[in-house]
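An overview of the molecular structure
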Amino acid sequence: MTAFQGKSVLVIGGSRGIGAAIVRRFAADGARVTFTYAGSPEAAAQVAAETGSTAVRTDSADRDAVIATVRDSGPLDVLVVNSGIAIFGDALEQDPDAIDRLFRINVHAPYHASVEAARRMPEGGRIIVIGSVNGDRMPVPGMASYALSKSALQGLARGLARDFGPRGITINVVQPGPIDTDANPAEGPMRDLMHSFMAIKRHGRPEEVAGMVAWLAGPEAGFVTGAMHTIDGAFGA
Ligand code: NDP
């Protein structure tokens, strides 16, 4: 397919899981894709070799590095901010530095990357941030920092949609439910509890999320902005 032929796409966090599926989708659709990674150089090299995309090591916790990578990627038609981490456990026991790092990766990086990308994004540009259904619904204890970070992305999209809309640039949040990745394996210990909340009782596939991202990045979605798009088997319903 050539739906994104000639388009320049940057995926923040593309070495594994949902991000790698997004890289594969845009590359298969003809885009020129750059993606970042931090801790998985071998996985990144494999995705780059397989797709013909460019891998750049950039820690999403490092604000200045994120901004520099977006700037150095040139004018982008599409920015996808996917990198994200979760910390589980008793809020009273958690390391505050680790929590602040989560906020840098999950909240600060999407904000700064989006603003930097918009500086040179052409009319029709697309910004897509990977949030979570946990931005809407947090049915278990021990994940308040993660839920907070994903709710924050809703405000990010609503606000920046106002800033960039006059230039024809859209910004949207994709909110997955359980998706089968290293971070949330389909056969993991939380499987039955998560499926009990769902109408479609299975983990989603990274490719299903990538499909929603591709639609939001495409020409049919030019009137869609400042909105949350949940893909969760009704986890949050
Ligand atoms: P994985 O842990 O499987 O993959 C995470 C990806 O993000 C990897 O490519 C990783 O790269 C990258 N990443 C993580 N931290 C950093 C960092 N500091 N700097 C740069 N890149 C980083 O996660 P998923 O694919 O499952 O999740 C992707 C996104 O989807 C996240 O935002 C997550 O919150 C969200 N999500 C996932 C759900 C799920 O059930 N899987 C459900 C709802 C939302 P590297 O290893 O190279 O550091």
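In the annotation of an unreviewed UniProt entry, the entry for the protein reads SDR family oxidoreductase, and the organism field reads Antarcticirhabdus aurantiaca.

Before going further, it helps to spend a moment on the environment of phenylalanine 103. Tracing the sequence through the fold places phenylalanine 103 in helix H4 (residues 96-120). Under the relative-accessibility criterion, phenylalanine 103 is labelled buried at 19%. For the pair phenylalanine 103 and glutamine 175, spaced 72 residues apart in sequence, the C-alpha to C-alpha distance is 17 Å. The contacts of phenylalanine 103, once residues within four sequence positions are left out, are His108, Ser145, Leu148 and Ser149.

Glancing now at empty space enclosed by the protein. Using a probe with the size of a water molecule, rolled over the atoms, empty space left in the structure can be pinpointed. This model, assessed by the stated rule, comprises 1 cavity of 30 Å³ or more. Taken as a whole, the largest cavity spans an internal volume of roughly 50 Å³. For the largest cavity, the full set of lining residues is Val70, Arg71, Gly74, Leu76, Glu116, Ala117, Arg119 and Arg120. Looking at the lining of the largest cavity, the elements with two or more residues in it are helix H3 (63-72) and H4. Take the lining of the largest cavity: its biggest share by element is 4 residues, from H4.

On to the sheet that holds strand E2 (residues 32-37). Pairing within the open sheet is parallel, and its 7 strands lie in the order E3-E2-E1-E4-E5-E6-E7. In this open sheet, the two edge strands, each paired with only one partner strand, are strand E3 (54-57) and strand E7 (227-231). Averaged over neighbouring strand pairs, the angle between their axes works out to 20° when direction is ignored. Where strand E5 (residues 126-130) lies against strand E6 (residues 170-176), 5 bridges are found, and the strand directions are parallel. In the sheet register, arginine 126 faces E6, and the bridge partner there is threonine 170. Contacting strand E4 (78-81), E5 and E6, H4 crosses the sheet at an angle of about 175° to E4.

Bringing the packing of aromatic side chains into the picture now. Evaluation of the coordinates by the stated rule reveals 2 aromatic pairs. Seen from their ring centres, phenylalanine 4 and phenylalanine 26 are 4.9 Å apart, and the 70° between their planes marks the pair as edge-to-face. Linking phenylalanine 4 in the segment before strand E1 (8-12) with phenylalanine 26 in helix H1 (residues 17-28), this pair joins segments that are 22 residues apart in sequence. According to the relative accessible area criterion, phenylalanine 26 is buried, its value standing at 1%. Here phenylalanine 197 and phenylalanine 235 contribute two aromatic rings whose centre-to-centre distance is 5.4 Å and whose plane-to-plane angle is 75°, an arrangement assigned as edge-to-face. Note that phenylalanine 197 is positioned in the loop between helix H6 (191-196) and helix H7 (206-217) and phenylalanine 235 in the segment after E7, a separation of 38 residues in sequence.

Conventions used here
Sequence order as written defines residue numbering, which begins from 1 separately in each chain. Note on the predicted model: pLDDT of at least 70 is required for a residue's local features to be given, and 80 or more for side-chain atom pairs to be given and counted; whole-chain, interface and lining totals, by contrast, use all residues. Side-chain calculation: all heavy atoms of the structure are included, whereas hydrogens and water are not. The secondary structure listing takes helices from DSSP runs of H or I that are at least 4 residues long and strands from runs of E that are at least 2 residues long, numbered from the N terminus. The buried label goes to any residue with under 20% of its type's maximum accessible area, the exposed label to any with over 50%, and the partly exposed label to all in between, with areas taken from a 1.4 Å probe on protein chains only. Between two residues, a contact is recorded if the distance between any of their heavy atoms is within 4.5 Å. Only protein atoms enter the calculation, which uses a 1 Å grid: trapped sets of points that fit a 1.4 Å probe without letting it out are cavities, open sets showing protein on both sides within 12 Å along at least five of seven lines are pockets, and any residue with an atom within 4 Å of a point is a lining residue. Grid points are joined across faces, edges and corners, and a volume is the space filled by probe spheres set on the points. In short, DSSP must find at least two bridges between two strands for them to pair. In this analysis an axis means a line fitted to C-alpha atoms, helices contributing only their contacting stretch, and an angle means the value between N-to-C directions, from 0 to 180 degrees. Paired rings are identified among Phe, Tyr and Trp, the last through its six-membered ring, by centres lying within 6.5 Å, and are further divided according to the angle between planes into stacked (under 30 degrees), edge-to-face (over 60) and tilted (the rest).

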